[in-house]
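Structure assessment
Below, each chain spelled out in residue letters.
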Amino acid sequence: MSDAERDAGNRKIKAGFLLLVAVSPPLIALQWGATPIQLLAALAAGAVLGLALVWYLGRLAREFTGGSRRRRRGRR
């Protein structure tokens, strides 16, 4: 897998995680009979929370991998 493919995959995972976290609060609010303004507020809060989680998990992942790139085994 090339570096470009790995980066593209990581971006897709981050976007999917962000979408999942951002859409969850409005769906819960919808079950409680929220108004459109409340739904927008829940979406905004979910997006902020999702961005914070993606940033934190990215930082945590870099700690475990020891930098921006892992060494490739067996390739020279």
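The rules behind these values
Residues numbered from 1 in each chain as written. Predicted model: local features only at pLDDT ≥ 70, side-chain atom pairs only at ≥ 80, totals over all residues. Heavy atoms only, no water. Helix = DSSP H or I, 4+ residues; strand = E, 2+ residues; numbered from the N terminus. Buried < 20%, exposed > 50% of the residue type's maximum accessible area, 1.4 Å probe, protein only. Contact = heavy atoms within 4.5 Å. Areas by Shrake-Rupley, 256 points an atom, 1.4 Å probe, with all protein chains shown as cover. Patch = residues over 30% accessible without salt bridge, like charges linked within 9 Å, V, L, I, M, F, W, Y side chains within 5 Å. Salt bridge = Lys/Arg side-chain N within 4 Å of Asp/Glu carboxyl O. Axes fitted to C-alpha atoms, helices over the stretch in contact; angles between N-to-C directions. Parallel < 35°, antiparallel > 145°, perpendicular 65-115°, else oblique. Left-handed = near helix turned anticlockwise from the far one by under 90°. Nonpolar A, V, L, I, M, F, W, Y, C, P; charged D, E, K, R; others polar. Lys, Arg positive; Asp, Glu negative; His and termini not counted. Charge placed at Lys NZ, Arg CZ, Asp CG, Glu CD.

1. Some words on the overall build of the protein chain
Regarding its fold elements, the protein chain presents two helices and zero strands. Out of the 76 residues belonging to the protein chain, those deemed buried represent 13%. Long-range pairs, those at least 24 residues apart, make up 68% of the contacts in the protein chain between residues at least 6 apart in sequence. As presented, the protein chain carries roughly 6500 Å² of accessible surface, and 65% of it is formed by carbon and sulfur atoms.

2. Overview of a nonpolar patch on the surface
Together, Leu19, Val23, Leu27, Leu30, Ile37, Leu40 and Leu43 make up an exposed nonpolar region whose accessible area comes to about 690 Å². Of all the secondary-structure elements, those providing two or more residues to the nonpolar patch are helix H1 (3-31) and helix H2 (36-65). In terms of residue count, H1 provides more of the nonpolar patch than any other element does, four residues in total. Structurally, leucine 40 is set in helix H2. Accessibility expressed as a relative area gives 56% for leucine 40, which makes it exposed.

3. Side note on the packing of H1 against H2
Where H1 meets H2, the axes come as close as 8 Å, and the angle between the chain directions of the two elements is 150°. It follows that H1 is roughly antiparallel to H2 by the angle criterion. Crossing of H1 against H2: the hand is right-handed. Contacts from Lys14, Phe17, Leu18, Val21, Ala22, Pro25, Pro26, Ala29 and Leu30 of H1 reach H2 at Leu39, Ala42, Leu43, Gly46, Ala47, Leu49, Gly50, Leu51, Leu53, Val54 and Leu57. Of the residues belonging to the contact of H1 with H2, the class tally is 17 nonpolar, two polar and one charged.

4. Observations regarding a positive patch on the surface
Together, Arg11, Lys14, Arg59 and Arg62 make up a region of like positive charge exposed at the surface. Contributions of two or more residues to the positive patch are made by H1 and H2. Looking at the secondary structure, you find arginine 59 in helix H2.

Scope: geometric values only; no functional claims are made or implied.
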